[in-house]
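Topology and contacts: notes
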Amino acid sequence: MKARGKILGLEAAYQVLQNSRTRHAALVEKMYEPARLFTGPWLCKTYEVECERTRKLTAEAQIPRDRLEMVAGAMREPLKQERFRRLLSAEGLAAVPKTLARRINAEKPSQTTPCPPVEPKPLISGISAEVLDLLQDWYVAPQVFASLRRMVPERQLKATRLMIALNRANFHYAQLLSTLTPASQLADPSRPRRRLLGVTDEQLAAMGIEFDALNDEFLYCASLYGTWALELMAARSYLDKLMENARVVRYLAQNFPDQLAKLQTILDVPMGREALAACPRKTGRGRKHLIF
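What counts, and at which threshold
Residues numbered from 1 in each chain as written. Predicted model: local features only at pLDDT ≥ 70, side-chain atom pairs only at ≥ 80, totals over all residues. Heavy atoms only, no water. 1 Å grid on protein atoms, 1.4 Å probe; cavity = no way out; pocket = protein on both sides within 12 Å on 5 of 7 lines; lining within 4 Å. Points joined across faces, edges and corners; volume = space filled by probe spheres on them. Helix = DSSP H or I, 4+ residues; strand = E, 2+ residues; numbered from the N terminus. Nonpolar A, V, L, I, M, F, W, Y, C, P; charged D, E, K, R; others polar. Axes fitted to C-alpha atoms, helices over the stretch in contact; angles between N-to-C directions. Contact = heavy atoms within 4.5 Å. Salt bridge = Lys/Arg side-chain N within 4 Å of Asp/Glu carboxyl O. Buried < 20%, exposed > 50% of the residue type's maximum accessible area, 1.4 Å probe, protein only. Parallel < 35°, antiparallel > 145°, perpendicular 65-115°, else oblique. Left-handed = near helix turned anticlockwise from the far one by under 90°. Core = buried A, V, L, I, M, F, W, Y, C linked by side-chain atoms within 4.5 Å. Phe/Tyr/Trp six-rings, centres within 6.5 Å; stacked < 30°, edge-to-face > 60°. Expected span 1.5 Å × (residues − 1). Arc of directions from axis to C-beta.

A few points about empty space enclosed by the protein
Taken as a whole and judged by the stated rule, the model has 1 cavity of 30 Å³ or more. Size it by volume and the largest cavity reaches roughly 50 Å³. For the largest cavity, the full set of lining residues is Arg155, Lys158, Ala159, Leu162, Leu177, Asp212 and Asn215. Sorting the residues of the lining of the largest cavity by element identifies helix H8 (153-165) and helix H10 (201-243) as the ones contributing at least two each. Per-element tally for the lining of the largest cavity: the top contributor is H8, with 4 residues. Tallied by class, residues from the lining of the largest cavity come to 3 nonpolar, 1 polar and 3 charged.

Some details on the packing of helix H9 (residues 171-179) against H10
Contact pair H9 / H10: the axes reach a minimum separation of 9 Å and the direction vectors enclose 120°. Side by side, H9 and H10 meet where Tyr173, Leu176, Leu177 and Thr179 of the first sit next to Leu204, Phe211 and Asn215 of the second. Looking at the contact of H9 with H10, its residues break down into 5 nonpolar, 2 polar and no charged.

With respect to the pattern of salt bridges
In total, this model carries 11 salt bridges according to the counting rule given. In this structure, Glu210 engages Arg55 in a salt bridge whose closest nitrogen and oxygen atoms are separated by 2.9 Å. One end of the pair, Glu210, is in helix H10; the other, Arg55, is in helix H3 (residues 40-79), with 155 residues separating them in the sequence. Look at Glu210 and you get partly exposed, because its relative accessible area is 36%. One salt bridge connects Glu231 with Arg103, and the closest N-O pair in it is separated by 3.1 Å. Residue Glu231 is found in helix H10, and its partner Arg103 is found in helix H5 (residues 98-104); the two are separated by 128 residues along the sequence.

With respect to the packing of H3 against helix H12 (residues 257-268)
H12 packs onto H3 with a crossing angle of 150° between their chain directions and a minimal axis gap of 9 Å. With respect to each other, H3 and H12 are oriented roughly antiparallel. Crossing hand, H3 versus H12: left-handed. Residues Arg67, Met70, Val71, Ala74, Met75, Glu77 and Pro78 of H3 touch H12, and the partners they reach there are Gln259, Lys262, Leu263 and Ile266. Among the residues forming the contact of H3 with H12, the class breakdown is 7 nonpolar, 1 polar and 3 charged.

Here's the deal with the environment of Pro97
Among the secondary structure elements, Pro97 is positioned in the loop between helix H4 (82-90) and H5. Beyond its immediate chain neighbours, meaning those up to four positions away, Pro97 contacts Ala234 and Tyr238.

A closer look at the nonpolar core
Core analysis: the largest hydrophobic core is formed by 32 residues, its most contacted members being Met75 and Leu242. Breaking this core down by element, the ones donating at least two residues are H3, H4, H5, H10, helix H11 (246-255) and H12. For this core, the element with the highest residue contribution is H10, accounting for 8 residues. Apart from the residues within four sequence positions on either side, Leu242 is in contact with Met75, Leu88, Leu93, Val248 and Val249. Core analysis: the second largest hydrophobic core is formed by 31 residues, Cys51, Ala174, Leu196 and Phe218 among them.

Side note on the packing of aromatic side chains
Centre distance and the angle of the planes are the two values used to describe a pair of aromatic rings. One pass over the structure, following the stated rule, counts 5 aromatic pairs. Pairing Tyr47 with Phe211 gives two aromatic rings, centres 5.9 Å apart and planes at 50°, and the pair type is tilted. With Tyr47 in helix H3 and Phe211 in helix H10, this residue pair connects regions lying 164 residues apart in the sequence. Considered together, Tyr47 and Phe211 belong to a single accessibility category, that of buried residues. Here the aromatic rings of Tyr220 and Trp228 are separated by 6.3 Å at their centres, their planes lie at 70°, and the arrangement is edge-to-face. Through a chain of ring-to-ring contacts, the aromatic side chains of Tyr47, Tyr173 and Phe211 assemble into a single cluster.

Here's the deal with H12
Every α-helix winds through 3.6 residues per turn, so residues three or four apart in the chain are directed the same way. A rise of 1.5 Å per residue sets the reference length of H12, with its 12 residues, at 16 Å; its end C-alpha atoms lie 16 Å apart and thus fit the reference within 8%. Those residues of H12 that sit buried are Gln259, Leu260, Leu263, Gln264, Ile266 and Leu267. Down the axis, H12 shows its buried residues gathered within 155° of arc, on one side only.

Some thoughts on the side chain of Gln156
Mapped onto the elements of the fold, Gln156 is located in helix H8. Beyond its immediate stretch of four places on either side in the chain, Gln156 contacts Gly126, Ile127, Ser128, Val131, Leu148, Arg149 and Met151.

Now the structure itself:
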């Protein structure tokens, strides 16, 4: 391993890595808030920009879930008919993906066993140890920890997860989160809040409630995005097989034309970020479906 042009031995390299992992623990000793804090207009502008960005990212994360619900809705009515189920069996297409079948049957996902409560670790200069673990691979200025330490440990952890998920591990975003934190989640609720020109206490509280709701929805969607994307891949693979079967497509065209159109639309829409564009570009050869 090399460090600043020097070749290090195994033991020295290990020590460098250990110091890298614990560098934030040393930073918290140098925490300070800069003299330049949010003003009223700056807070409102930053708040609107971050809310709009969070809404867009949430909408993007919801795309796989919405398409899965569209597939399930289109398949629900045809699968109620015994004749269609026999046709799928005869064509070797009766094995609907389990996750898609649960959505078609409107089954609730199985409840996961809650993890046993973990004894909280002692704070390090007012910062949760879990927060330092999450940020060990991120470059974080000391001012970020100055904003985080104003919150209770649970709020610190949520704010850190949000900053990482949004790629916003900087002081301005940490200060926004700190400013919009309700008094009940501050480490020192008795500490008077700084007055912001043009922003009343009622407006600040309403902004905090809306911001928390947006962030909660984003974190929920972000945590399930990978699961929804895998489920959608399995559903699209199954739909490809259906659309390549002439007998199945003929049956749907004759008995369920609206559902068939929806299924074809899902297969024609690209996966990923291109789907957010109003007019997605078509690349390569267009998909051809059997229509009767």
